[in-house]
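Tertiary structure, described
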Amino acid sequence: MKRFINVLVLCLAVITTGAQDIPALEQLKADPRKAYGTDYPYCFEETPLSKTPSGYKPFYISHYGRHGSRYYWNNMLYRELDSLLSKAHTLGRLTAEGEAFRTKFMAAKDELATGVSELSDLGWEQHQRIARAMYNNFTDVFKKGGHVFAISSLTGRCVLSMASFCEELTQCNPKIEIREQSARKTLDGVVPTDRQNPLRRSYPKSTPRFEKNRQQFIYTDSLRETVVRRVFTSTEGLPGNMNHIGSNLINLYTSLPSIGHDGMMAGIISDDEIAKRWEGENLGSYAWVFGPRYDMIPVLRDIIKKADDVINGQSERLADLRFGHDTCLGPLTVLMGINGADRDPEDPYEVKNCYQNWQTGKASNLQLIFYRSKKKGQSVLVKCLLNGHEATLPLPSELYPYYKWEDFKKIYTERCDIQ
């Protein structure tokens, strides 16, 4: 719990407007850790939601969540740093700050090595809190109990994220019955690109338009060199070049809050330094999620079909929950155009205004809330939440943040029918 509180202390801002209404660089000033991008640990903000339209009540939720905070995704980072720091220590090539860092790293080495890619305590707690917030925000969906279906990637950290979320929902109301599944036959609805997906197929890829104007973006990044010089008096005779060593150090730094080791690199790198390079890093992130956006068509089709079944009375589910990866959630936000993520600007300086890579940080999530009117003949409405904030969709609306289901279904079905 202490680890969890330490991260939450950094997220104290209470906002009264949607996150998309605050310019990206202003958000960074308020919370420089957002510059961690996909390493950003989920931040719980007190975010008021719009009043439900008169006569309507929520009755169904469709969700996609990334796994919670984890240890670094592969063991090469820890192994390379172990070898590097050990040799530098033997050769006397570490600064005073570097020696202090090495001592802390070595003390945590066994934990890091055994934890590679696995969900951390914070990751478990994040999904508990997100589930409870969902229940409290939309109690009408869950208060009578009923059936929920949850599917997950085959990866352990996603399975455990699902377990944490679902366990908390049933703690909120024991009448909720949840069927959890992590299987190849459900991969199309959560990680369609998985090589084990029996329905896996290829979709068109594309390059964002800003790439042809990337040279217009002035980007000078000396942080890798700066960080290396703070750790080593010299890199002569050490494995790896300056850029690779610097990248490893930065990657370790941004991963530490997710595993409760925030102070390991004190005096070597700061959040403000990470924030200064964010806009350039975000360009690469946008290209990374924009290109494969059509790969998420099966997920969007799954969302539409399962919602349609509930709306038409063919399913009695209260919610459909999906637990996967940033490699899916990021492209899905672009495919759906959430908060303008599909705008595809030509100007590289405009990219930050339609996409911010922290939106697919640890435990990031998309929730579609469905509302039904007591009056017959009224349209079913849909509201989109991205990380707890009301989000825009590229649909007509006279009652934002609420959209008509028929518009949602029509426009997104057309987006899915590209081949």
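Summarised in this report is the structure supplied together with it. (Residues numbered from 1 in each chain as written. Predicted model: local features only at pLDDT ≥ 70, side-chain atom pairs only at ≥ 80, totals over all residues. Heavy atoms only, no water.)

1. What about the overall build of the protein?
Put simply, the rule is: Helix and strand definitions follow DSSP, with helices as H or I runs of at least four residues and strands as E runs of at least two, each counted in order from the N terminus. The reference for a compact globule is 2.2 Å times residues^0.38; the radius of gyration itself is calculated from the C-alpha atoms. Here's how the labels work: a residue is buried when its accessible area is under 20% of the maximum for its type, exposed when over 50%, partly exposed in between, all with a 1.4 Å probe on protein chains only. Contacts: residue pairs with any heavy atoms within 4.5 Å of one another. For the area figures, the Shrake-Rupley method with a 1.4 Å probe applies, and any residue is considered shielded solely by the protein chains shown.
Counting its regular elements, the protein contains 14 helices and eight strands. What you see for the protein is a C-alpha radius of gyration of 22 Å, in line with the 22 Å of a compact globule of 419 residues. Viewed in the frame of its principal axes, the protein has a C-alpha envelope of about 80 × 50 × 45 Å. Counting across all 419 residues of the protein, residues that qualify as buried make up 56%. Restricting to contacts in the protein with at least 6 residues of sequence separation, those with at least 24 account for 79%. For the protein, the computed accessible surface area is about 18300 Å², with 48% contributed by carbon and sulfur atoms.

2. What about helix α8 (residues 223-231)?
Keep this limit in mind: This arc corresponds to the set of directions leading from the helix axis out to the C-beta atoms.
Every buried residue of α8 is accounted for by L223, V227, V228 and V231. Axial view of α8: buried residues confined to an arc of 135°, hence all on one face. Here the buried face of α8 lies against α3 (76-91), α4 (96-115), α9 (242-255) and α10 (271-276).

3. Some words on the pattern of salt bridges
Counted only if it meets this: Put simply, a salt bridge is a Lys or Arg side-chain nitrogen that is within 4 Å of an Asp or Glu carboxyl oxygen.
For the structure shown, the criterion picks out 30 salt bridges. In this structure, the salt-bridge partner of K143 is D140, at a minimum N-O distance of 3.1 Å. In this structure, R322 engages D302 in a salt bridge whose closest nitrogen and oxygen atoms are separated by 3.0 Å. In this pair, R322 sits in strand β4 (residues 317-324) while D302 sits in helix α12 (residues 297-311), placing the two residues 20 residues apart along the sequence. On the basis of relative accessibility, which here comes to 15%, the residue D302 falls in the buried class. A single salt-bridge network, built from bridges that share partners, covers R209, K212, D344 and E346.

4. Some thoughts on the packing of aromatic side chains
Quick reminder of the rule: Any two of the Phe, Tyr and Trp rings considered here, Trp counted by its six-membered ring, make a pair once their centres fall within 6.5 Å; the pair's planes then place it as stacked at under 30 degrees, edge-to-face at over 60, or tilted in between. Throughout this description, the term charge over a ring refers to an Arg CZ or Lys NZ atom that lies within 6 Å of the ring centre and within 35 degrees of the ring normal.
Using the criterion set out here, one finds 19 aromatic pairs in the structure. Taken together, a centroid distance of 5.4 Å and an interplanar angle of 20° make the contact between W405 and F408 stacked. Of this pair, W405 and F408 both sit in helix α14 (residues 405-416), three residues apart, which is roughly one turn of that helix. Accessibility assignment for this pair places W405 and F408 in one class, buried. Aromatic rings pair up to connect Y60, F370, W405, F408 and Y412 into one cluster. Residue placement shows R129 over the ring face of F44; its charged tip is 4.4 Å from the ring centre. Here R372 stacks its cationic end above the ring of F59, 3.9 Å away from the centre of that ring.

5. With respect to the pairing of strand β3 (residues 176-181)
We apply this condition: Here, any two strands with at least 2 DSSP bridges between them count as paired.
Here strand β2 (residues 146-152) pairs with β3 via six bridges, running parallel. Note that in β3 the partner of A150 across the bridge is E180.

6. Notes on the side chain of N248
By secondary structure assignment, the location of N248 is in helix α9. For N248, a relative accessible area of 9% gives the class buried.

7. Some words on the packing of α3 against α4
Cut-off, in case you're wondering: The convention used is that axes are lines fitted to C-alpha atoms, helices contributing only their stretch in contact, and that angles between N-to-C directions extend from 0 to 180 degrees. Should the near helix be turned anticlockwise from the far one by less than a right angle, the crossing is left-handed, and should it be turned clockwise, the crossing is right-handed. Residues are grouped as follows: nonpolar covers Ala, Val, Leu, Ile, Met, Phe, Trp, Tyr, Cys and Pro; charged covers Asp, Glu, Lys and Arg; every other residue, Gly included, is treated as polar.
Packing of α3 against α4 brings their axes to within 10 Å, and their N-to-C directions diverge by 145°. Crossing angle aside, the handedness with which α3 passes α4 is left-handed. Within the contact between the two elements, α3 uses Y78, L81, D82, L85, S86 and H89 and α4 uses E99, F101, R102, F105, M106, K109, L112 and A113. Of the residues that constitute the contact of α3 with α4, the class distribution is eight nonpolar, two polar and four charged.

8. Quick notes on the nonpolar core
Definition in use: We define the nonpolar core as a collection of buried residues of types Ala, Val, Leu, Ile, Met, Phe, Trp, Tyr and Cys that are connected through side-chain atoms lying within 4.5 Å of one another.
Ranked by size, the top nonpolar core spans 41 residues in total, and within it Y78, F101, F232, L249, L252, M265 and I269 carry the most contacts. Every residue in contact with I269, bar those within four places of it in the chain, is listed here: L223, V227, R230, I250, Y253 and I274. In terms of nonpolar packing, the next biggest core, distinct from the first, is built from 39 residues, F59, L187, L335 and L386 among them.

9. Topic: the state of the cysteines
To keep it simple, the criterion reads: We call a pair of cysteine sulfur atoms a disulfide when they lie within 2.5 Å.
On inspection of all chains with the given rule, the structure shows zero disulfides. The cysteine C172 is free of any disulfide, with C166 supplying the nearest cysteine sulfur at 12 Å. Here C354 stays free of any disulfide, with the sulfur of C384 as its closest cysteine sulfur at 16 Å. The class of C354 is buried, set by a relative accessible area of 3%.

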